[in-house]
Amino acid sequence: METRPNGPQIAVFIDFENVATSAEANFGDFDVTAVMDLLRTRGRLLIKRAYGDWGRFHRYRRAMLENGVDLFQLYSMGVQQKNRADVRLAIDALETVFTRPSIDVYAIISGDSDFTELIHKLRDHGKGVPPDQLAQLTQPFYRGDTSRTSALTRPPVCHCRC
């Protein structure tokens, strides 16, 4: 990864359907500003995208927009459409590898482990974060639950899960 004066260039992809559901069940709310502030300490956020049904999660729209996150609307259409956000996020992340080669780090923020294969592919293309920063970056999202970090112990891609 190239050393830059303002730190690495970061693309943030948020699977909001899973993040919000998990955060609300475990913590009562999802604080997007805290997440973005933490990521800003690690580098320059060039791409910030969140995928979800914004009619369903309307109470989060203002905070997302205040943090410069682009909202991608994916309407909830029942159980069969459950993975729509996952697929769209994965396609957009891989497309970004080729259209924005200056991006150094991919932060995939999700409430599940559906993105393991995406992480492997991003690693194959040399994208990620240095190993020593991975634990520091993800630690605040676990609140002491180390059972959820097993998928994160293999750098370099930051896969933040709530």
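If you're wondering where the values come from, they're calculated on a predicted model, not measured in any experiment.

Another aspect to go through is helix H2 (residues 32-40). Taken together, the buried positions of H2 are Val-32, Val-35, Met-36, Leu-38 and Leu-39. An end-on view of H2 places all buried positions within 160° of arc, on one side of the element. Put simply, Asp-31 is the residue that caps the front of H2, since its side-chain oxygen is 3.3 Å from the backbone nitrogen of Thr-33.

Position of Ile-91 among the secondary structure elements: in helix H4 (residues 84-99). On the accessibility criterion, Ile-91 (52% relative accessible area) is exposed. Once the C-alpha coordinates of Ile-91 and Leu-118 are considered, the two residues, 27 residues apart in sequence, prove to be 9.1 Å apart.

Looking only at helix H5 (residues 116-124), the buried set comprises Leu-118, Ile-119 and Leu-122. Taken end-on, H5 shows its buried residues confined to a sector of 100°, consistent with a single buried face. Projecting away from the buried face of H5 at angles above 90 degrees are the exposed residues Glu-117 and Asp-124. Gly-126 sits one or two residues past H5 and shows a positive phi near 75°.

Here we come to the environment of Asn-6. For Asn-6, the location among the structural elements is in the segment before strand E1 (9-15). Once the C-alpha coordinates of Asn-6 and Thr-41 are considered, the two residues, 35 residues apart in sequence, prove to be 9.8 Å apart. If near-sequence neighbours (up to four positions away) are discounted, Asn-6 is found in contact with Gly-43 and Arg-44.

Reading the values: rules and limits
- Residues numbered from 1 in each chain as written.
- Predicted model: local features only at pLDDT ≥ 70, side-chain atom pairs only at ≥ 80, totals over all residues.
- Heavy atoms only, no water.
- Buried < 20%, exposed > 50% of the residue type's maximum accessible area, 1.4 Å probe, protein only.
- Helix = DSSP H or I, 4+ residues; strand = E, 2+ residues; numbered from the N terminus.
- Arc of directions from axis to C-beta.
- Polar contact = N/O pair within 3.5 Å; in protein donor to acceptor, adjacent residues only side chain to side chain.
- Contact = heavy atoms within 4.5 Å.

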